[in-house]
Amino acid sequence: MKSSYLTNQCIVIFCAQGLSESPDLEFEYSDTDKWAAELSELYSYTEGPEFALNRKCFEEEFSAHVSDKNWTELDAAQHRAHAMRLLDGLEVIARERRLKVARAILYMAQGAFAECSSEVEVQYWMRYNIFLLLDVGTFSALVELLSMEIDNSAACSSAVRKPAISLADSTDLRVLLNIMYLMVETIQQDEPADKPEWKIIKETFRAELGSPLFNNEPISVTLFGMVTKFCSGHAPHFPMKKVLLLLWKSILFTLGGFEQLQSIKVHKREELGLPPLPENSIRVIRSMRAASPPASASDLIEQQQKRARREHKALIKQDNLDAFNEKDPYKADDSREDEDDNDDNDNTIEPETFPIERDEVMPPPIPHPPSERVSFPKGLPWAPKVREKDIENFLESSRSKFIGYTLGRFKVFGCCCCLLCQGEEELEMCATELLYQGILPSLPQYMIALLKILLAAAPTSKAKTDSINILADVLPEEMPTTVLQSMKLGVDVNRHKEIIVKAISAILLLLLKHFKLNHVYQFEYMAQHLVFANCIPLILKFFNQNIMSYITAKNSISVLDFPHCVVHELPELTAESLEAGDNNQFCWRNLFSCINLLRILNKLTKWKHSRTMMLVVFKSAPILKRALKVKQAMMQLYVLKLLKVQTKYLGRQWRKSNMKTMSAIYQKVRHRLNDDWAYGNDLDARPWDFQAEECALRANIERFNSRRYDKSHSNPDFLPVDNCLQSVLGQRVDLPEDFQMNYDLWLEREVFSKPISWEELLQ
């Protein structure tokens, strides 16, 4: 039966490969987009006039000390001297003076663009100036000023009382955050031609950024505090997009990206004596090809017409064709439409089913010339894996079946599980550990705040009176009065929301992956609070839209992007040019965000039966199936993973009606020992008991956090015992005051009035 099943799968795969010739999306998943794109996304289009203001502030400061030369004409000593003068200006008391100096420093960080003739030249001077600013100690001064602005109660109370908050309410914060972001983003870029001293500065900055040197906590913890203060309503003027971007890049720089994660994983496996990984997952995914997306109705009609013409020419009788269709075991009837698609009544977008799931007759594959022959993959892309739990279950079931007994809970021999016998745990104070210790006391609040902002930025969210306002750093003081201004602001607002989604999805994914590699209970603690904060339905709600429209959205105006807008003459914008957008095949940040959210959803539900059932309860199957229309291999892989874990709970009819999806899962997703995901007879297919599973996991997490981090309330059972008589008797014991006052009475009652049998005591 299984061989017949696999044979039919191959038929389905062959038909799917012959249906669509549309190319894959040329998207390369990485930690970030290109440097120029990451720089441009820091600024909203509403901030455009401030570039000239920054230049004016710098030139006024510069001309007061150097009158006959440009910045690019000075030598290194003169550059350093002026940078030191600007740094001294940040320490003055007058607020207006500080802001003016900060704008001059921001102009330096922006590459002194007025003296540059190309974007490449701007980026060169950005890198030079930023390393100079970092070397003279600018970043520490900026952190102190940022802390002052965070604690500025006058600004917070003024913003709370305002009915409408605009760009002007966050001017000081935006200038500081702009400089800090440009410094972090520029320094983390790898340039082979960097000077040796720059490489030393970079590594020193990385270590300082991840250690509690700024305000006795990592900079990421300070930024997390800004996020929660914003979401609580006490600081609605905080420029949240810039805060989230700086938080993301700080975590990325201090902890490392996906390539660094792979290297750390390999290194730790070597240290623990574990076998090497069977493959590099990043390289495997990059080499995969996307599956054919669902065909549109017009394509199917055109294919049927061509097939009808070929049949007419060949004089094939229709009766014979009908007889062939009746014998097709995978031909679905009209009454057997995808039940999940019918249940999804809330969707405004009618889902397109795969051709194999409809009642239409699939056209035979068109013969290709020899140079275009379809080549089947030689094997599956992933090496199979196995968990220790799977081996134990397999052995236990085999003993019960063939021998007639089970070991119960004594499955492993010779293993010491007593914590007291394992010695003191070694705690490596790496950047991940320092960050976890910093955010541990308020981690639940941080997760709730991030998800609140993500909900407000999601395109499927509707405006509500109680939702937070995330547009404080994009709305101008005066609202637009013309159609063109309104269109430009609309593009800016949509772009603003997309960048926020991109930053939050990257932050959550990076933290989950680094915490899991550092200690599994750190990962479980964060993941559980994401689940408690309704992260799973939130991500599903995000994907319950026309995902192709989101990925191909053109919410950008390339001529207004930095650094293009400061080195080129700006053309006159028209409504037609704004509607046309750019010529890109897709929006990089939106596809990046979608993949990140799918990866987060996979991490939250993997090996968690109760959370997998949440996917089933929230009817995620039709939502995820629509995401398969995006012809990008990495995104399809994570969608198929989420469909695979719930397939056995969706019923036999769903599996029968979705054979193309089943084939794609078999072809692209990793297989495991006893992996009967398609049959529904798994040992874990038990009733849904969400509360019991999560409570047991939560108890283990709390014991871990208490044992490892709560030094004030340490469990006395885990403390070492002093068995030396002399040291015990020599310890000073502080007696309570009332005992000291009644000491004579205690002696009379407990010692002198009681007979002592010295013979028995000596024996």
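Please read all numbers here as calculations on a predicted model, not as lab measurements. (Residues numbered from 1 in each chain as written. Predicted model: local features only at pLDDT ≥ 70, side-chain atom pairs only at ≥ 80, totals over all residues. Heavy atoms only, no water.)

Novice: Report on the overall build of the protein chain, specifying residues and quantitative values.
Specialist: A count of helical and extended segments in the protein chain gives 37 helices and 0 strands. Among the 763 residues that make up the protein chain, the fraction classed as buried is 47%. The long-range fraction of contacts in the protein chain, counting pairs at least 24 apart against all pairs at least 6 apart in sequence, stands at 81%. For the protein chain, the exposed area adds up to about 40,300 Å²; of that, 54% sits on carbon and sulfur atoms. (Helix = DSSP H or I, 4+ residues; strand = E, 2+ residues; numbered from the N terminus. Buried < 20%, exposed > 50% of the residue type's maximum accessible area, 1.4 Å probe, protein only. Contact = heavy atoms within 4.5 Å. Areas by Shrake-Rupley, 256 points an atom, 1.4 Å probe, with all protein chains shown as cover.)

Novice: Please give an account of the nonpolar core that cites residues and values.
Specialist: When a protein is soluble and globular, its nonpolar side chains tend to lie buried together. The biggest cluster of nonpolar side chains holds 187 residues, and the ones touching the most others in it are F139, L244, I453, F543, F562 and M635. Ranked by residue count, the leading element in this core is helix α21 (residues 483-518), at 15 residues. Dropping the residues within four chain positions of it, L244 is found in contact with V227, L450, I453, I500, A503, I504 and I507. The next biggest cluster of nonpolar side chains, apart from the first, holds 6 residues, and it includes Y45, V559, L560 and L578. (Core = buried A, V, L, I, M, F, W, Y, C linked by side-chain atoms within 4.5 Å.)

Novice: Quick rundown of the packing of helix α7 (residues 138-150) against helix α11 (residues 219-231)? Include the residues and the values.
Specialist: Direction vectors running N to C along α7 and α11 enclose 20°, while the axes themselves pass 12 Å from each other. Relative to α11, the element α7 lies roughly parallel. You can see that α7 and α11 cross each other, and the crossing is left-handed. When α7 is examined against α11, the residues V143, L146 and I150 are found in contact with a partner set consisting of I219, T222, L223, M226 and K229. Classifying every residue of the contact of α7 with α11 by side-chain character gives 6 nonpolar, 1 polar and 1 charged. (Axes fitted to C-alpha atoms, helices over the stretch in contact; angles between N-to-C directions. Parallel < 35°, antiparallel > 145°, perpendicular 65-115°, else oblique. Left-handed = near helix turned anticlockwise from the far one by under 90°. Nonpolar A, V, L, I, M, F, W, Y, C, P; charged D, E, K, R; others polar.)

Novice: Quick rundown of a nonpolar patch on the surface? Include the residues and the values.
Specialist: A cluster of nonpolar side chains, namely V386, I391, F394, L395 and L673, defines an oily patch on the protein surface of about 390 Å² accessible area. Along the chain, L395 falls in helix α18 (residues 388-403). Under the relative-accessibility criterion, L395 is labelled partly exposed at 38%. (Patch = residues over 30% accessible without salt bridge, like charges linked within 9 Å, V, L, I, M, F, W, Y side chains within 5 Å. Salt bridge = Lys/Arg side-chain N within 4 Å of Asp/Glu carboxyl O.)

Novice: So what's going on with the packing of helix α13 (residues 258-271) against α21? Which residues, and what values?
Specialist: Packing of α13 against α21 leaves a shortest axis separation of 11 Å and a crossing angle of 10°. One finds that α13 runs roughly parallel with respect to α21. Mapping the contact onto sequence places F258, L261, I264, K265 and K268 in α13 and L509, L510, K513, H514, L517 and N518 in α21. Split by residue class, the contact of α13 with α21 holds 6 nonpolar, 2 polar and 3 charged.

Novice: Tell me about the packing of aromatic side chains, and please be specific about residues and values.
Specialist: Following the criterion strictly, the structure yields 31 aromatic pairs and no others. With 5.9 Å between their ring centres and 85° between their planes, F58 and W71 make a pair best called edge-to-face. With F58 in helix α3 (residues 50-63) and W71 in the loop between α3 and α4 (76-89), the pair connects residues that are 13 residues apart, well separated along the chain. W71 shares its class with F58; the two are buried. Judged by centre distance (5.8 Å) and plane angle (40°), the ring pair of F205 and F253 falls under tilted. Within this pair, whereas F205 is found in helix α10 (residues 196-210), its partner F253 is found in helix α12 (residues 240-255), the two being separated by 48 residues in sequence. In this structure, F205 and F253 share a single accessibility class: buried. Each member of the aromatic cluster is reached from another via a ring pair, and the members are Y43, F51, F58, F62, W71, Y107, F113 and F562. Its guanidinium or amino end placed over the ring of F258, R599 lies 5.0 Å from that ring's centre, counting from NZ or CZ. (Phe/Tyr/Trp six-rings, centres within 6.5 Å; stacked < 30°, edge-to-face > 60°. Lys NZ or Arg CZ within 6 Å of the ring centre and 35° of its normal.)

Novice: Could you give me a rundown of the side chain of N178, with the residues and numbers involved?
Specialist: Relative to the assigned elements, N178 resides in helix α9 (residues 171-187). For N178, a relative accessible area of 3% translates into the label buried. What N178 contacts, discounting residues up to four positions off in sequence, is L42, Y43, E47, L106 and K242.

Novice: Quick rundown of the environment of S63? Include the residues and the values.
Specialist: Residue placement: S63 occurs in helix α3. For S63, a relative accessible area of 44% puts it in the partly exposed group. Polar contacts involving the side chain of S63 include one to the main-chain carbonyl oxygen of E59, which spans 2.8 Å. For S63, the side chain forms a polar contact with the main-chain oxygen of E60, separated by 3.3 Å. (Polar contact = N/O pair within 3.5 Å; in protein donor to acceptor, adjacent residues only side chain to side chain.)

Novice: How would you explain the pattern of salt bridges if you had to name every residue and give the values?
Specialist: Inspection of the entire model under this criterion finds 34 salt bridges. With a closest N to O distance of 2.8 Å, E41 and K502 form a salt bridge. Of this pair, E41 sits in the loop between α2 (35-40) and α3 while K502 sits in helix α21, and the two are 461 residues apart along the sequence. As far as the burial class goes, E41 and K502 line up, both buried. Residues R387 and D390 are paired through a salt bridge, measuring 3.4 Å at the closest nitrogen-oxygen approach.

Novice: I'd love a proper account of a positive patch on the surface, names of residues and values included.
Specialist: Taken together, the side chains of K265, K385, K516 and K606 make up a positively charged region of the molecular surface. Relative to the elements of secondary structure, K516 occurs in helix α21. Taking relative accessible area as the criterion, K516 reaches 38% and is therefore assigned partly exposed. (Lys, Arg positive; Asp, Glu negative; His and termini not counted. Charge placed at Lys NZ, Arg CZ, Asp CG, Glu CD.)

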